[in-house]
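# Coordinates in review
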Amino acid sequence: SEHQEQYQRGDYNETQLRRDFLDPFFAAMGWDIDNRKGYAEAYREVIHEDALRVELTVKAPDYCFRIGGQRKFFVEAKKPAVNIKEDIAPAFQLRRYAWTAKLPLSILTDFEELAVYDCRIKPDKNDKASVGRVLLLKFTDYPEKWQELADIFSFEAIQKGAFDKYAESNKKKRGTAEVDEAFLEEIESWREALAKNLSLRNQNLTDRELNTAVQLIIDRVIFLRMCEGRGIEPFGRLQGLLNGEKVYPRLVELFQRADEKYNSGLFHFQKEKGREAPDTLTTQLDLDDKVLKDIFRRLYYPDSPYEFAAMPAEILGQVYEQFLGKVIRLTKGHQAKIEEKPEVRKAGGVYYTPKYIVDYIVENTVGKLLEGKTPQQVGGLTATFAESKTGRPLTVLDPACGSGSFLIVAYQYLLDWYLKQYTEVDKPEKHSRGKEPRIYQSNGSGWRLTTGERKRILLAHIYGVDIDYQACEVTKLSLLLKVLEGETEESLTRQLVAFHKERALPDLANNIKCGNSLIGSDFYRDRQGELFDQEETLRINAFDWQTEFGQIFSGKNPGFDAVVGNPPYVRQESISQHKAYLANNYQTYHGVADLYTYFIEKGYQLLTSHGVFGMIVSNKWTRSGYGERLRQFLGATTNLTAIVDLAGLPVFAGATVRPVIVVFDKITATKEFAYTPPPDLSTFRLFTGGRLLSEHVSSYSRKLKKSSLLDSGWSFSDPRVKGLLNKLNSNSQPLSAYVGRKPYFGVKTGLNEVFIIDSSRRDELIAADNSSAEIIKPVVGGRDIDKYSLTFASKYLLFCRRGIEIERYPAVYKYLTEFRDVLTPKRSRSDKVG
């Protein structure tokens, strides 16, 4: 054909190649290449040149294929002259984008050849083109291999989950490094280098000041670099600091110019009326050039594996969630040490809420409240909202916001909703005129919300509280980056001029606040005789909701319209100092209840009379003794609407928690609620690949009568299972019949790292002294026990309780003496080693 002859002569450029070959190729797989369905920008199936900017020689992928607005894979097109099989640069370019975007598979092609890459392998500029490649085809292979390709990359196959199954089955373990893991390691190295150098050069810094300074420098660098990647800031400004000396003073100048442009609390150096005190700490610090230059070198192509324009907001949140699990501590010699926070260590780590969980909760709280409403009602602009009669905007709260994952998704949900209302439900021209237009026409990208409208939506609707100051700052950072998403320096400048040079970003100090959501200022009133130093006061961090959010808790119907989140799971031992307060202020109080119990009740208290609540929590409350009051509270006080059971599934990698999603409201009283049983593991994996949890819930939920829920314990089993359990109970002896009393906890060793050993250590001890077998017992933990099975993990306990003469077992005795210092009880330590 004419196209083939032109191709063979090498006359084709990339644009022609895409139009004449690749567009029809993917259209044949069922993709709406030209958006003939007329979807809004947020929901188009195919985005051409996914990013809106170009970083020097690094170009955005030519195609981004999406389902429901969620990226699934990239396709990068090359001219016929490019050797797809051997050339290093194009493979590195594609993998860098897809790896940062956390896409498992993507395609590199000039149509003559087509290469599929596993993009979970961390890219390196020196990698051969074959690294990560899982499939390489010539165009002559297409007829024979068409079904194989279509079974993975067609629109229908991806909708049915075939793409995700293929990606999972072909995952190469060796060399894989997820972008969040790698970026976490990256910024942790920054923290250590900055902390050590700042503590050395600034001997007057306190622990709190050092933590604040390091966090602010990292946040500001990430913000500016991501703005560069997105084309909002001139490319290479941070890279330019590599030339010359006095790097930190020049960096501070960039920060100060950012203050003039963005108006964010992230950059706030001058006193301004009505705002919190400016930062006078970081501008006065001494910091060596080498530390910053080492950081900046790793931020740019080709040394950087990251493509900042492609990094999703949830990746940044996931990284920071782990990052905030550690803190900087100064030694007596004023040296910086990085330590895990005590509360994180006791909780067994930090666990980020997966996006499919957040999406479901936001859809079933915020989404429910938006049904049938207009922008005027939701925005509180002219008409009243629901039954409130207040005209206030719809408000969304996460009372334990962490790094902001729920608030980011809620904000995006609202952005998409408003844009759809302005462009599809209403006439777009109506909202694009006037002094404060809501939308504008973007070059080749359809209608977009103006920066001013994005700011208004954020300030009107999104609220968060966290006890950790650094977590609040990270939430602000993530939300501010979301405000600027999709903008370029040109579009932003044009809008700012139109808005009389108003600065680009809002100050979120009145929306995201630091405090203890569960403990009010009356905590101190009840303890007037006690003395609290500054450090103790900051640790308790009491929070007065009515004062801090006066506009929310005033009027006829005070409170937030939606309360969402994943509250901390903190065992009762860690909150003993607050128990008296909790007992006096919470109906659900129990002496051994986990902290999430009180977040559920507090969430209910913070709702308006038409509010909706959605959180993911441990399922222990459904059957435990300490959950009885919570069960009574939920059954009698709230209108329970849904429970989504995810017990037994690896929702939080490495954690033994068995979670459920709880949704209730104050809107109506119903006699039934929807219960969704846990999916099987293969279905669960589709959620991690992008399938919507709501689809599973709509297919498998069943109605249960609230009258069937007993205070003694909630059972969601169907009648056949209940019958079997009753039969087992009537013909079996409970454990308490053998041990004499009901067990409340397992073995307490005092130091698991010493007393719990693996099979190789066990074999070694028994080989040295056969009698050791008498006190080496197999042990299982919560994560080894499933509902109907036991997974023995080859762990053993040195059973050395009081009364056992340890000297009779010389091999074990010798082993334990190696840890004499850490095993010797200290006076301040309550734990006793057996």
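See the structure printed just above.
From a predicted model like this one, the values you see are computed outputs, not experimental measurements.

### Regarding helix α4 (residues 142–153)
Its 12 residues give α4 an end-to-end C-alpha distance of only 13 Å, which falls more than 12% under 16 Å, the value for a rise of 1.5 Å per residue. Listed in full, the buried residues belonging to α4 are Tyr 142, Leu 149, Ala 150, Ile 152 and Phe 153. The buried residues of α4 occupy an angular sector of 155 degrees when projected down its axis, which confines them to one face.

### Digging into a nonpolar patch on the surface
Among the surface-exposed residues, Leu 724, Leu 725 and Leu 728 lie close enough to one another that they form a single nonpolar patch of about 260 Å² accessible area. Looking at the element boundaries, Leu 728 is found in helix α30 (residues 719–730). Under the relative-accessibility criterion, Leu 728 is labelled partly exposed at 46%.

### Observations regarding the sheet that holds strand β18 (residues 672–676)
Overall, mixed pairing links the nine strands, which are arranged β13-β12-β9-β14-β15-β17-β16-β18-β19 in an open sheet. Both outer strands of the open sheet, β13 (512–514) and β19 (702–705), are each paired with one neighbouring strand and no more. Neighbouring strand axes in the sheet, compared pairwise and without regard to direction, differ in orientation by 20 degrees on average. Pairing geometry for strand β15 (residues 607–618) and strand β17 (residues 659–665), over seven bridges, is antiparallel. By the bridge assignment, Val 612 is partnered in β17 with Asp 665. Contacts from helix α14 (residues 355–363) reach β14 (560–565), β15, β16 (639–645) and β17 within the one sheet, and its direction differs from that of β15 by about 160 degrees.

### Overview of the pairing of β17
Of all the seven residues making up β17, seven are buried; the element is thus mostly covered by neighbouring parts of the structure. Residues Pro 659, Ile 661, Val 663 and Asp 665 of β17 are buried on one face, and the alternating residues Val 660, Val 662 and Phe 664, pointing to the opposite face, are buried as well. With six bridges connecting them, β16 and β17 associate as antiparallel partners. Its bridge partner lying in β17, Asp 645 is registered against Val 660.

### With respect to the pattern of salt bridges
Following the criterion strictly, the structure yields 33 salt bridges and no others. Here Lys 196 makes a salt bridge to Glu 192, at a shortest N to O gap of 3.0 Å. One end of the pair, Lys 196, and the other, Glu 192, are both in helix α7 (residues 179–201), four residues apart, so they sit about a helical turn from each other. Where Glu 233 meets Lys 261, a salt bridge forms, and the shortest distance between an N and an O atom there is 3.2 Å. Taken together, the residues Glu 233 in the loop between α8 (207–229) and α9 (237–240) and Lys 261 in helix α10 (residues 247–262) connect sequence positions 28 residues apart. Taking the relative accessible area as the measure of exposure, Glu 233 reaches 8% and is therefore buried.

### Things to note about the packing of aromatic side chains
For the structure shown, the criterion picks out 49 aromatic pairs. Plain terms: the ring middles of Phe 183 and Trp 190 are 6.3 Å apart, the flat faces sit at 85 degrees to each other, and that makes the pair edge-to-face. For Phe 183, a relative accessible area of 1% gives the class buried. The class of Trp 190 is buried, set by a relative accessible area of 4%. Between Phe 543 and Trp 545 the ring centres are 5.0 Å apart and the planes differ by 85 degrees, which places this aromatic pair in the edge-to-face class. When its relative accessible area of 3% is taken as the criterion, Phe 543 is described as buried. A residue is classified by how much of its surface remains accessible, and Trp 545, at 4% relative accessible area, is buried. Above the plane of the ring of Phe 155 lies Lys 37, whose end atom (NZ or CZ) is 5.1 Å from the centre. A cation over a ring is seen here: Lys 513 above Phe 549, with NZ or CZ 5.8 Å from the ring centre.

Rules behind the numbers
Residues numbered from 1 in each chain as written. Predicted model: local features only at pLDDT ≥ 70, side-chain atom pairs only at ≥ 80, totals over all residues. Heavy atoms only, no water. Helix = DSSP H or I, 4+ residues; strand = E, 2+ residues; numbered from the N terminus. Expected span 1.5 Å × (residues − 1). Buried < 20%, exposed > 50% of the residue type's maximum accessible area, 1.4 Å probe, protein only. Arc of directions from axis to C-beta. Patch = residues over 30% accessible without salt bridge, like charges linked within 9 Å, V, L, I, M, F, W, Y side chains within 5 Å. Areas by Shrake-Rupley, 256 points an atom, 1.4 Å probe, with all protein chains shown as cover. Salt bridge = Lys/Arg side-chain N within 4 Å of Asp/Glu carboxyl O. Pairing = 2+ DSSP bridges. Axes fitted to C-alpha atoms, helices over the stretch in contact; angles between N-to-C directions. Contact = heavy atoms within 4.5 Å. Phe/Tyr/Trp six-rings, centres within 6.5 Å; stacked < 30°, edge-to-face > 60°. Lys NZ or Arg CZ within 6 Å of the ring centre and 35° of its normal.

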